[in-house]
Amino acid sequence: MKDVIPQDEFNQRRQQLLQLLPTNSLALVAASSEVTRSNDTEFPFRQNSDFFYLTGFNEPDAVLLLINDSNPRSVLFCQDKDPKHEVWHGLRLGYENAVEALAVDSAEDLDTLPERLPELLQGIESVFYPMGEDSILAELVSEARDEVSVKARRSGKLAPQSLSDLRPNLDAMRLIKSAAEIAVMKEAARISTQAFRRIMRFVEDGKHEYQVAAELHHEFAMNGALHPAYGIISGGGANACILHYTDNRDVLRNGDLLLVDAGAEYQGYAADITRTFPVNGKFSEPQSILYNLVLKAQQAAFAEIKPDSNLVNASEAAARVISDGLTELGILTGDAEENFKEQRWKTYFIHGLGHWLGLDVHDVGRYRNSEGEPVSFKPGMVLTVEPGIYIPEDAEVDEKWRGIGIRIEDDLVVTADGFDNMTAGVPKTIEEIEEWMKSQ
């Protein structure tokens, strides 16, 4: 596969995190475990994002230790090779091969970790791990710390006095993407863009929402993205007003819009696109009016995607467009300025403008700093911009607006002078969509 992040970069991330840790500290990050789907079958394995970010290692049941003492180092505890297991479930790297393959300083058998961790904690003052995420890891740390405490009188080495959350440092690192990460994300976006162009020519009256999802998944997999980054949303008609609609069971009907929210996961990184388009290839007048309002809101938000601006500014720009537009259409009644200030537009624009994007589709990273101020955009940040309008079938508005749900979402990389829209290749204006859908 192309666009694979080089192993040197994973090593550089570990070194960077080590430098952020205080002296005489130890950090732990655990891999995911396989999860049973039914009886003796498992869900497709998906690695813990923090663990993958620091190792590039895609096997279950492993723990990475970063030790910042007089000899800063990385230690990986992973499963040993086991021919009897491997003949059924696939090859393992094995701790004997991990140092060379993953560029960690040393590697040991995972089975020895409960015994080895108390030894490694002696003389350590602070322990860092992702708190609240992994109860097994937390219990392992607690038991090892208790063991060191019991032996402290004889050894003279105190147990760690401080337990802290690793995520603030790690989240801040992950928020700014490297050139290699952006290259991988652009490939995820390219694959996803190609898939959306495909489904726009696939839909027609009588097909099912799940068939649209299947077409997306097929295009992802045929291009090296084996899994969607999240559950595909394929909502026809009023189903588009359900934000996380994943049943995908209904029949597509002539005259309805179809809202599709999907993205490929490529080399661990997510794309996240939404487009809304007519099943029959032609927008009705009410659909066109609301669609162009959402598109205008996205364009207003785009103007704020640049260094030293922030998501709050972009959100307010989009909300102002939607609020004023809904007031002008009579969907919101009363004074336009009061409607905006009182946030009455939230009745129909019911979610945030966007989110960080990366190894997780809703990626880590703060939106406000410790003083409560919005985090400023910086080059290398990647986010979605996805305004929407959703008018349920029982809304007390003119009947022509009811049952219409519209969202438009793109994936943007912040650059030194603005942004790069990685998903601009998906038809988006009414003219582009209608032209693309009829040219089959």
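Residues numbered from 1 in each chain as written. Predicted model: local features only at pLDDT ≥ 70, side-chain atom pairs only at ≥ 80, totals over all residues. Heavy atoms only, no water.

## Side note on the overall build of the protein chain
And then number 1: What the protein chain contains, in helices and strands, is 13 helices and 19 strands.
And then number 2: Considering only C-alpha atoms, the protein chain reaches an extent of 80 × 50 × 40 Å along its principal axes.
And then number 3: In the protein chain, which comprises 440 residues, the share counted as buried stands at 52%.
And then number 4: If you take every contact in the protein chain between residues at least 6 apart in sequence, the share linking residues at least 24 apart comes to 69%.
And then number 5: Carbon and sulfur atoms form 47% of the exposed surface of the protein chain, whose accessible area is close to 20,400 Å².
And then number 6: Between the averaged position of the 42 positive side-chain charges in the protein chain and that of its 72 negative side-chain charges there is a distance of 2 Å. (Helix = DSSP H or I, 4+ residues; strand = E, 2+ residues; numbered from the N terminus. Buried < 20%, exposed > 50% of the residue type's maximum accessible area, 1.4 Å probe, protein only. Contact = heavy atoms within 4.5 Å. Areas by Shrake-Rupley, 256 points an atom, 1.4 Å probe, with all protein chains shown as cover. Lys, Arg positive; Asp, Glu negative; His and termini not counted. Charge placed at Lys NZ, Arg CZ, Asp CG, Glu CD.)

## Details of the pairing of strand E17 (residues 404–407)
And then number 1: Of the two faces of E17, the one lined by Ile 404 and Ile 406 and the one lined by Gly 405 and Arg 407 are each fully buried.
And then number 2: When strand E16 (residues 388–391) meets E17, the two strands line up antiparallel, connected through 4 bridges. Each residue of the ladder has a partner; that of Ile 389, found in E17, is Ile 406. (Pairing = 2+ DSSP bridges.)

## Structural notes on the sheet that holds strand E11 (residues 257–262)
And then number 1: As summarised here, the arrangement of the 3 strands in space is E10-E11-E14, forming an open sheet in which the pairing is antiparallel. Two strands in the sheet have a free side with no partner beyond their single neighbour: strand E10 (233–236) and strand E14 (273–278). On average, each strand axis in the sheet is inclined to that of its neighbour by 10°, with strand direction left out of account.
And then number 2: Of the strand pairs in this sheet, E10 and E11 are connected by 4 bridges, and their pairing is antiparallel. Its bridge partner being in E11, Ile 233 is matched across the sheet by Asp 261.
And then number 3: The strands that helix H8 (residues 179–200) touches are E11 and E14; relative to E14, the one it contacts most, it runs at about 15°.
And then number 4: Contacting E10 and E11, helix H9 (residues 209–222) runs over the sheet at an angle of about 35° to E11. (Axes fitted to C-alpha atoms, helices over the stretch in contact; angles between N-to-C directions.)

## Description of the pattern of salt bridges
And then number 1: For the structure on display, the rule yields 29 salt bridges.
And then number 2: In this structure, Glu 9 engages Arg 13 in a salt bridge whose closest nitrogen and oxygen atoms are separated by 2.8 Å. Linking Glu 9 with Arg 13, this pair stays in helix H1 (residues 7–20), spanning 4 residues, or about one helical turn.
And then number 3: Judged by relative accessible area, Glu 9 falls into the buried class, the value being 12%.
And then number 4: Of the residues examined, Arg 13 reaches a relative accessible area of 4% and is grouped as buried.
And then number 5: For Asp 165, the salt bridge goes to Arg 167, with nearest N and O atoms at 2.7 Å.
And then number 6: Arg 167 sits in the partly exposed class, given a relative accessible area of 24%. (Salt bridge = Lys/Arg side-chain N within 4 Å of Asp/Glu carboxyl O.)

## Overview of the packing of helix H10 (residues 285–302) against helix H11 (residues 311–328)
And then number 1: One can describe the packing of H10 onto H11 by two numbers: an axis separation of 7 Å at closest approach and a directional angle of 155°. The angle between H10 and H11 falls in the class roughly antiparallel. Crossing angle aside, the handedness with which H10 passes H11 is right-handed. When H10 is examined against H11, the residues Leu 290, Leu 293, Lys 296, Ala 297, Ala 300 and Ala 301 are found in contact with a partner set consisting of Ala 314, Ala 317, Ala 318, Val 321, Ile 322, Gly 325 and Leu 326. (Parallel < 35°, antiparallel > 145°, perpendicular 65-115°, else oblique. Left-handed = near helix turned anticlockwise from the far one by under 90°.)

Scope: geometric values only; no functional claims are made or implied.
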